[in-house]
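What follows is the residue order along each chain.
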Amino acid sequence: MSKYINVALKLILKKRGIIMDKMIRSSKEPNYDWIFDLVDGLKSFTILKNFDGEVIYINKVLLRLLGFNHDDIGGNYDFFFKNFFLNEAKKVNENIYDITLNSRYGFTLRFKMVDNFLNSDDGRKLCIISTLNFVKSELDSMRDVNAYLDLLYNRFKLVDMVDTGILLMDKRRRIEYINKAACQLMCLDYKKAYRKDAGKVLKSLDERIDFDEIVSNKIVVYNIKDSGRFLSMEVADTYDDNFLCIIVKDVTEKLKFGEIIERSEKFNLMGSLAVSLIHEIKNSITSIKGFLQLMQLKDKANASFFDTIISESDRIIDLVMSYLGVVRNSPDEGIDLNELIEKYMILIEAEAKHRQIEIVRKLRKVPMVKIDNNQLKQVLLNVFQNSFQAIGTGGKIWITTRFNSYTNRVIIKIADNGGGIDRETLKKVMVPLFTTKKDGTGLGLSICKNILNKYGGDLKIFSKKGTGTIVDIYLELKN
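Residues numbered from 1 in each chain as written. Predicted model: local features only at pLDDT ≥ 70, side-chain atom pairs only at ≥ 80, totals over all residues. Heavy atoms only, no water.

A. Representation of helix 3 (residues 33–40) within the structure. Extensive coverage of helix 3 is indicated by the burial of six of its eight residues. Turning to helix 3, its buried residues are Trp34, Ile35, Phe36, Leu38, Val39 and Asp40. (Buried < 20%, exposed > 50% of the residue type's maximum accessible area, 1.4 Å probe, protein only. Helix = DSSP H or I, 4+ residues; strand = E, 2+ residues; numbered from the N terminus.)

Now the structure itself:
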């Protein structure tokens with residue numbers, strides 16, 4: 001075998017026009033790349049070693065048999081060979097060994113390994129070349145080997161394609177196999193997990209993970225520390241007492257969806273109760289309004305007071321009805337936006353003063369817009385409350401109005417210099433029930449957007465973490 005390789009090397013070197021001695025002497029360290037290329041082209045199982053006995057290369061035919069490729073090894077062949085592949089080695093003769101190698105697929109293979117020197121033309125020793133042959137194997141030819149490898153490869157390729165993590169352990173709880181999905185879900189490096197104690201590997205992921213708990217309970221869900229992810233770990237039946245299998249799944253989205261469904265059911269129940277409550281409030285306010293109108297007829301001197309009370313009664317009914325989505329049609333005459341904002345700013349500036357926040361107003365002349373007074377008030381209060389919470393104390397909020405003749409819409413722009421919103425959170429702020437606030441409901445902005453949509457308007461948010469937030473409110477003109 002060594003003689004054959006030496007002849008092949010000479011032929012390759014002659015074709016390339018390179019003199020072997022010149023190549024070797026050109027640097028302090030031998031350049032093995034050309035040897036590696038040649039060895040990879042051999043159909044026999046081959047290993048290259050240096051004179052210290054360190055493995056410097058394993059050809060791809062042997063790697064494939066063991067379930068790996070060059071990318072898996074990452075260049076550290078000696079470490080992989082001694083810590084992962086080599087199961088047992090016995091010296092038979094001066095250069096002959098009886099060795100057993102571990103396969104990625106959970107079984108071992110026995111070989112006779114013969115060491116020889118790979119020499120240059122002038123007899124200079126380059127490295128040690130080891131050839132491996134099966135011992136007591138049913139695979140008598142390379143055709144048998146390739147058929148066997150194809151069978152293994154196709155079976156395990158399917159396992160590696162699934163997005164479910166699979167860990168296979170022996171009786172001593174050592175990991176014998178771990179698929180790609182498990183490595184990704186658990187942020188593991190295959191070579192750091194293979195043949196290691198499964199309990200310790202899981203503990204390295206999160207110290208709260210208990211291997212015995214998984215085995216006894218059959219399925220356990222863990223909140224992986226500092227990752228925001230939930231992983232379920234379930235014991236699967238292998239129908240073989242020699243092995244234990246654990247299935248790992250990312251159930252983060254499933255749990256969040258379940259939480260949303262649960263919260264939705266609660267809000268649906270609250271909505272049903274609110275309908276009954278609103279109906280009773282409306283009946284009571286209607287009765288109060290009727291008695292006030294009778295009192296107004298008798299006490300004409302204070303008619304203006306009664307007008308105010310009756311007007312506020314109507315506003316209460318409008319507010320509670322609009323909360324349930326029963327919005328009255330906007331008045332045909334439209335509303336003066338700037339006048340309405342000035343009216344509501346009295347309430348908003350009171351809280352701003354308490355928080356030591358300055359509000360800067362720049363209200364340009366704009367056309368009449370189509371929206372209900374109380375509905376717009378609800379939108380403004382929601383947006384300003386979000387700005388107040390983002391700023392805390394101190395800081396500024398700017399509110400401007402302008403008419404965009406191109407889109408034929410009026411725009412209210414509310415900007416703050418608060419903490420801003422990161423990109424991922426910004427994508428979700430309009431989603432009902434999504435909130436980052438401890439006591440938030442996740443409904444404020446989605447309700448505002450729904451209100452504006454009913455009147456042909458819209459709401460858009462622009463923000464950057466650490467810079468601030470801009471909210472644009474778009475309103476349709478009065479027909």
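B. Quick peek at the packing of helix 14 (residues 337–354) against helix 15 (residues 373–391). At a minimum axis separation of 10 Å, helix 14 and helix 15 run at an interaxial angle of 40°. Where helix 14 crosses over helix 15, the handedness of that crossing is right-handed. Within the contact between the two elements, helix 14 uses Leu337, Leu340, Ile341, Tyr344, Met345, Leu347, Ile348, Glu351 and Ala352 and helix 15 uses Asn373, Asn374, Leu376, Lys377, Leu380, Leu381, Phe384, Gln385 and Phe388. (Axes fitted to C-alpha atoms, helices over the stretch in contact; angles between N-to-C directions. Left-handed = near helix turned anticlockwise from the far one by under 90°. Contact = heavy atoms within 4.5 Å.)

C. Focus on unusual backbone geometry. Even without a glycine there, the phi angle at Arg173 is positive, about 65°. Along the polypeptide, Arg173 turns up in the loop between strand 7 (165–169) and strand 8 (175–178). By relative accessible area, Arg173 is classed as partly exposed at 33%. Notably, Asn408 is not glycine yet its phi reads approximately 60°, a positive angle. Within the fold, Asn408 resides in the loop between strand 13 (396–404) and strand 14 (409–416). In this structure Asn408 comes out as partly exposed when scored by relative accessible area, which is 42%.

D. Summary view of the packing of helix 15 against helix 17 (residues 444–454). At a minimum axis distance of 10 Å, the contact between helix 15 and helix 17 shows a crossing angle of 150°. Relative to helix 17, the crossing made by helix 15 is left-handed. In contact with Gln375, Gln378, Val379, Asn382 and Asn386 of helix 15, helix 17 contributes Gly444, Leu445, Ile447, Cys448, Ile451 and Leu452. Its residues assigned to classes, the contact of helix 15 with helix 17 shows six nonpolar, five polar and no charged. (Nonpolar A, V, L, I, M, F, W, Y, C, P; charged D, E, K, R; others polar.)

E. Seen up close, the sheet that holds strand 14. An order of 12-13-14-16-15 is seen for the five strands of this open sheet, with the pairing classed as mixed. Of all the strands in the sheet, just strand 12 (358–363) and strand 15 (458–464) have a single pairing partner and so form its edges. The average undirected angle you get between the axes of adjacent strands in this sheet is 15°. In terms of strand pairing, strand 15 meets strand 16 (residues 468–476) through seven bridges, oriented antiparallel. Directly across from Leu459, in strand 16, lies its bridge partner Ile473. Of the strands in this sheet, strand 12, strand 13, strand 14 and strand 16 are in contact with helix 15, which crosses strand 14 at around 25°. Contacts between helix 17 and the sheet are confined to strand 15 and strand 16, with strand 15 contributing the most and set at about 140° to the helix. (Pairing = 2+ DSSP bridges.)

F. Spatial organisation of the packing of aromatic side chains. Summed over the entire model, instances satisfying the criterion amount to twelve aromatic pairs. A ring pair is formed by Phe36 and Tyr57, whose centres lie 4.2 Å apart and whose planes are at 10°; its orientation type is stacked. Taken together, the residues span a long stretch of sequence, with Phe36 in helix 3 and Tyr57 in strand 2 (residues 55–58) at a distance of 21 residues. Phe36 sits in the buried class, given a relative accessible area of 15%. Among the aromatic side chains, those forming a connected cluster through ring pairs are Phe68, Phe79, Phe80, Phe84 and Phe85. In this structure, Lys49 is placed above the aromatic ring of Tyr97, and the distance from its NZ or CZ to the ring centre is 5.7 Å. We note Lys125 situated over the ring of Phe117; from NZ or CZ to the ring centre the distance is 5.1 Å. (Phe/Tyr/Trp six-rings, centres within 6.5 Å; stacked < 30°, edge-to-face > 60°. Lys NZ or Arg CZ within 6 Å of the ring centre and 35° of its normal.)

G. Main features of the sheet that holds strand 9 (residues 219–224). Here we have five strands laid out as an open sheet, ordered 8-7-11-10-9, and antiparallel in their pairing. At either margin of the open sheet sits one strand with a lone partner, and together these are strand 8 and strand 9. Recorded for the sheet is a direction-independent mean angle of 20° between the axes of neighbouring strands. When strand 7 meets strand 8, the two strands line up antiparallel, connected through three bridges. Residue pairing for strand 8: Leu168 is matched across the bridge by Tyr177.

H. Expanded view of the pattern of salt bridges. Following the criterion strictly, the structure yields 13 salt bridges and no others. A salt bridge links Asp170 to Arg174; its shortest N-O distance comes to 3.4 Å. Residue Arg361 pairs with Glu342 through a salt bridge whose shortest N-O separation is 2.3 Å. Taken together, the residues Arg361 in strand 12 and Glu342 in helix 14 connect sequence positions 19 residues apart. (Salt bridge = Lys/Arg side-chain N within 4 Å of Asp/Glu carboxyl O.)

Spatial relationships are all this shows, so hold off on functional conclusions.
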